[in-house]
Amino acid sequence: MDIQAIREQFPILNQDVNGHPLVYLDSAATSQKPVSVIKSLEEYYRQNNSNVHRGVHTLGTRATDQYEGARDKVKNFIGASSTEEVIFTRGTTTALNMVAYGYARHFLKEGDEIAVTPMEHHSNIIPWQQAAKYTGAKLKYIPLEDDGSITLESVRSTISDKTKIVAVTHVSNVLGTINPIKEISQIAHEHDAITVVDGAQSTPHMKVDVTDLDCDFFAFSGHKMCAPTGVGVLYGKKALLEKMEPVEFGGEMIDFVGLYESTWKDLPWKFEGGTPIIAGAIGLSAAIDFLEEVGLEQIEEHEKRVVQYAQEKLSEVDGLTIYGPKQRGGLVTFNIEGVHPHDSATVLDAEGIAVRAGHHCAQPLMKWLDVTATARASFYLYNDENDVDRLVEGIQRAKEYFGDVF
Amino acid sequence: MSFNNLDTLYRQVIMDHYKNPRNRGSLEDESVTIDMNNPTCGDRIELHLQIKDGIVEDAKFEGEGCSISMSSASMMTQAIKGQQVDDAMNMSSIFSKMMLGEDVEDIDLDLGDIEALQGVSKFPARIKCATLAWKAMEKAVANEEQQ
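Participant: Looking at this structure, I do not really get the overall build of chain A. What am I missing?
Facilitator: The secondary structure content of chain A amounts to 14 helices and 17 strands. Relative to a compact globule of 406 residues, whose C-alpha radius of gyration would be 22 Å, chain A shows 22 Å and is just as compact. The buried share of chain A, reckoned over its 406 residues, is 57%. Sequence-distant contacts in chain A: of pairs separated by 6 or more residues, those separated by 24 or more amount to 71%. For chain A, the separation between the mean place of its 37 positive charges and that of its 58 negative charges on side chains is 4 Å.

The following block contains the structure:
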């Protein structure tokens, strides 16, 4: 992988921030966008903008072709069986909520159980908390090991015949833990439970094949994988999506509308009420082209190397705690002894280095780690070892700075 | 931005309040307690006030957060202790103005150490850290008045 050539595709990276060349280490929050994605939006709005699925005019046909073409691209990208299984959403949060509303609230009852893990992002906890409250089902947590991973033994001992839904993240946005989705799905299916996978942190960084994972629902966001904000995907197995109720009602999703009764369109459109996220889907399609041209396997390998280098370099820094397992996705969450993560992030920002500080939308996990907040550096295909070196220098300066003032 | 700019944020007096917080703890005879957090970053403050006859007789805080939020809480409790509730509220609005980068000279109230936080206004991402304690104070006063 030619990192320099890749970096040139991301014009935003070529700037100084606070007098230093920008080091962007916050891709787990949102990734930067390559020129091809930015251009795809411009081209759509300059030449093809129109509403989809209705106009008989030429622009309407072009927009529809592009929008449905994007769906087909997503289908191939994640290994779904058909485009009926690919629903465009606003993002991962919306996708997970759709399952919680349209599936869990309709089919769960008192005595049923929903299993989640303490490492979930709030978006894969709260919809289930709410669904549990609404249906009388019980929320259960698969316990974490000391390093923040889960074992299949723990999965087995948490899931029972009462379990109807197992909601788990593919890759933790804080610890970087990569969960064994395929095995978890297998255990869930032995108990006739379904799996709902938060793929927000995996899909941008590794080859995902939902058929191989055998998960029942899989959600991800475009903006973390080089696409614009405001577009995401809910994949679901066709039989389940057919059972699932729409969450939004209105235009686009209807078949026949009467005064008192209406019927829905077929999959996937019954879940896409209102004018859909046309430009977003087209941008996502361009992002998939870009990532596939580089190669998901190559991206995964590259990030593995960078994160391993980061773990090595950061573990040499005195007074620095790294959270999470050794084998991980492309991010490192840490704290500097005696320096609050907001303060370290501010000092790093003064050095042109963008990291995230806070609870990372994972308050239960913060509690488990027994910290109020952490700092997180997350990597993507445009980061390399030089960025890690700058981070380590920045951390040293934060230590010096706060060492001085104390 | 150089470290000199950082110095406008992390003034010595701020670091002193962070390291040696004043009025940290709880009150036995408090009249009002407010728990407030900054949901975007996890900073949390529990503010205890003893308000009697329109005067803040005592103020203490507990909680966790960054140097800015905790030093601001320390300074705030120091500043409002012994003040009329109205003056405490005035200080809060002056503090808000300070965070917007407005000039707050020529005022009658003694702001004491609080002025050291003026530099925060140049760091938009950190303003919420500095205002957390003041927001808690405002809410505590509002709750007290409702009772």
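Participant: Got a minute to help me understand the domain arrangement of chain A in this structure?
Facilitator: Where interface size is given, it is often the accessible area lost as the parts come together that is meant. Residue and element names in this part refer to chain A. Domains assigned within chain A are domain 1 (3-26 + 296-405) and domain 2 (50-293). One C-alpha centre belongs to domain 1, the other to domain 2; they are set 29 Å apart. Between domain 1 and domain 2, a total of about 2400 Å² is buried, with carbon and sulfur atoms accounting for 67% of that surface. By the criterion of area lost to domain 2, the three top residues of domain 1 are Leu296, Trp368 and Tyr380, representing 28% of everything that side buries. Counting every contact that joins domain 1 to domain 2 gives 0 salt bridges. For the interface between domain 1 and domain 2, the tally reads 9 residue pairs in polar contact (both at pLDDT 80 or more). For the side of domain 1 that touches domain 2, the secondary structure elements donating two or more residues are helix 11 (296-315), strand 14 (331-336) and helix 13 (363-369). With 6 residues, the top contributor of residues to the side of domain 1 that touches domain 2 is helix 13. Across the side of domain 1 that touches domain 2, the residue classes tally to 16 nonpolar, 8 polar and 5 charged.

Participant: In this structure, what is going on with the pairing of strand 10 (residues 232-236) of chain A? I would like to understand it.
Facilitator: Both faces of the sheet carry side chains from a regular strand, because those side chains alternate between them. Residues and elements named next belong to chain A. The buried count for strand 10 comes to 5 of 5 residues, which makes it a mostly enclosed element. Here strand 10 shows a buried face lined by Gly232, Leu234 and Gly236 and a second buried face lined by Val233 and Tyr235. Direction of pairing for strand 4 (residues 86-89) relative to strand 10: antiparallel, over a ladder of 4 bridges. What sits directly across from threonine 89, in strand 10, is glycine 232. The pairing of strand 9 (residues 217-221) with strand 10 spans 5 bridges and is antiparallel. Within the sheet, the bridge partner assigned to phenylalanine 220 lies in strand 10 and is valine 233.

Participant: I tried to follow the packing of aromatic side chains on my own but got confused; where do I start?
Facilitator: Each aromatic ring pair is described using two quantities: the centre-to-centre distance and the angle formed by the ring planes. Tallied over the entire structure, the rule returns 13 aromatic pairs over all chains. For the ring pair A:Tyr380 and A:Tyr382, a centre distance of 5.6 Å and an interplane angle of 75° mean the geometry is edge-to-face. On the accessibility criterion, A:Tyr380 (0% relative accessible area) is buried. Ring geometry for B:Phe95 versus B:Trp134: centroids 5.2 Å apart, planes at 25°, classification stacked. Residue B:Phe95 is found in helix 4 (residues 85-99), and its partner B:Trp134 is found in helix 5 (residues 127-146); the two are separated by 39 residues along the sequence. Across the pair, exposure class does not vary: B:Phe95 and B:Trp134 are buried alike. Ring pairing ties together the aromatic residues A:Phe10, A:Phe290, A:Tyr380 and A:Tyr382, which thus form one cluster. Note that A:Arg105 overlies the ring of A:Tyr101, its terminal NZ or CZ placed 4.2 Å from the centroid. Over the face of the ring belonging to A:Tyr134 we find A:Arg105, whose NZ or CZ atom lies 4.7 Å from the ring centre.

Conventions we followed
Residues numbered from 1 in each chain as written. Chains lettered and ligands numbered in written order. Predicted model: local features only at pLDDT ≥ 70, side-chain atom pairs only at ≥ 80, totals over all residues. Heavy atoms only, no water. Helix = DSSP H or I, 4+ residues; strand = E, 2+ residues; numbered from the N terminus. Rg over C-alpha atoms; globule rule 2.2 N^0.38 Å. Buried < 20%, exposed > 50% of the residue type's maximum accessible area, 1.4 Å probe, protein only. Contact = heavy atoms within 4.5 Å. Lys, Arg positive; Asp, Glu negative; His and termini not counted. Charge placed at Lys NZ, Arg CZ, Asp CG, Glu CD. Domains from an automatic or database assignment. Buried area = accessible area lost by both parts, 1.4 Å probe. Salt bridge = Lys/Arg side-chain N within 4 Å of Asp/Glu carboxyl O. Polar contact = N/O pair within 3.5 Å; in protein donor to acceptor, adjacent residues only side chain to side chain. Nonpolar A, V, L, I, M, F, W, Y, C, P; charged D, E, K, R; others polar. Pairing = 2+ DSSP bridges. Phe/Tyr/Trp six-rings, centres within 6.5 Å; stacked < 30°, edge-to-face > 60°. Lys NZ or Arg CZ within 6 Å of the ring centre and 35° of its normal.

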